Amino acid sequence: MALSPRAVRRMGTGAVLAVAAYYALWGGEYSVFGLRRLAAERRDADARLADTRRQVDSLRTLAATLEKSDDAVERIARERFGMIREGELLYRFVPVDSGAPAPAPAR
């Protein structure tokens, strides 16, 4: 049974389309799966960029506040570094270890 030229042409066209579909899905640098992976990487990078921009904006706001306000500088110096003004007393509270015996009162 011989195939007609039309049937051979259809099979050839089908084979070419099958190879093209295979290459479009799995082959090459720009396959469907590669493009999906790249899209996911871009979403992750955009999220990291947005977080970084928020941090930069926050730091710029803090820097502007510290440049303009002496009260803010003093508050940070007191809170973070335990600095005090002349004549003030600094009280530090140390957590007590519940497993250790309590110290004897001074006489």
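Caption draft 1: Spatial organisation of the overall build of the chain. Of regular secondary structure, the chain possesses 3 helices and 0 strands. Moving toward the C terminus, one meets the helices and strands of the chain in the order α-α-α. Whereas a compact globule of 107 residues would reach a radius of gyration of roughly 13 Å, the chain reaches 36 Å, over 25% beyond that. Seen along its three principal axes, the alpha-carbon backbone of the chain occupies a region of about 120 × 50 × 10 Å. Every one of the 107 residues in the chain was classed for burial, and the buried ones make up 6%.

Caption draft 2: Structural context of the environment of Leu-3. Looking at the element boundaries, Leu-3 is found in the segment before helix H1 (5-26). As a C-alpha pair, Leu-3 and Leu-89 span 86 residues in sequence and 104 Å in three-dimensional space. Aside from chain neighbours lying at most four places away, what touches Leu-3 is Val-8 and Met-11.

Caption draft 3: Focus on a nonpolar patch on the surface. Residues Tyr-22, Tyr-23, Leu-25, Trp-26, Val-32 and Phe-33 make up a contiguous nonpolar surface patch of roughly 660 Å² in combined accessible area. Mapped onto the nonpolar patch, the elements with two or more residues apiece are H1 and helix H2 (32-68). Looking at which element gives the most residues to the nonpolar patch, the answer is H1, with 4 residues. If you trace the backbone, Trp-26 turns up in helix H1. Judged by relative accessible area, which is 51%, Trp-26 ranks as exposed.

Parameters and conventions
Residues numbered from 1 in each chain as written. Predicted model: local features only at pLDDT ≥ 70, side-chain atom pairs only at ≥ 80, totals over all residues. Heavy atoms only, no water. Helix = DSSP H or I, 4+ residues; strand = E, 2+ residues; numbered from the N terminus. Rg over C-alpha atoms; globule rule 2.2 N^0.38 Å. Buried < 20%, exposed > 50% of the residue type's maximum accessible area, 1.4 Å probe, protein only. Contact = heavy atoms within 4.5 Å. Patch = residues over 30% accessible without salt bridge, like charges linked within 9 Å, V, L, I, M, F, W, Y side chains within 5 Å. Areas by Shrake-Rupley, 256 points an atom, 1.4 Å probe, with all protein chains shown as cover. Salt bridge = Lys/Arg side-chain N within 4 Å of Asp/Glu carboxyl O.

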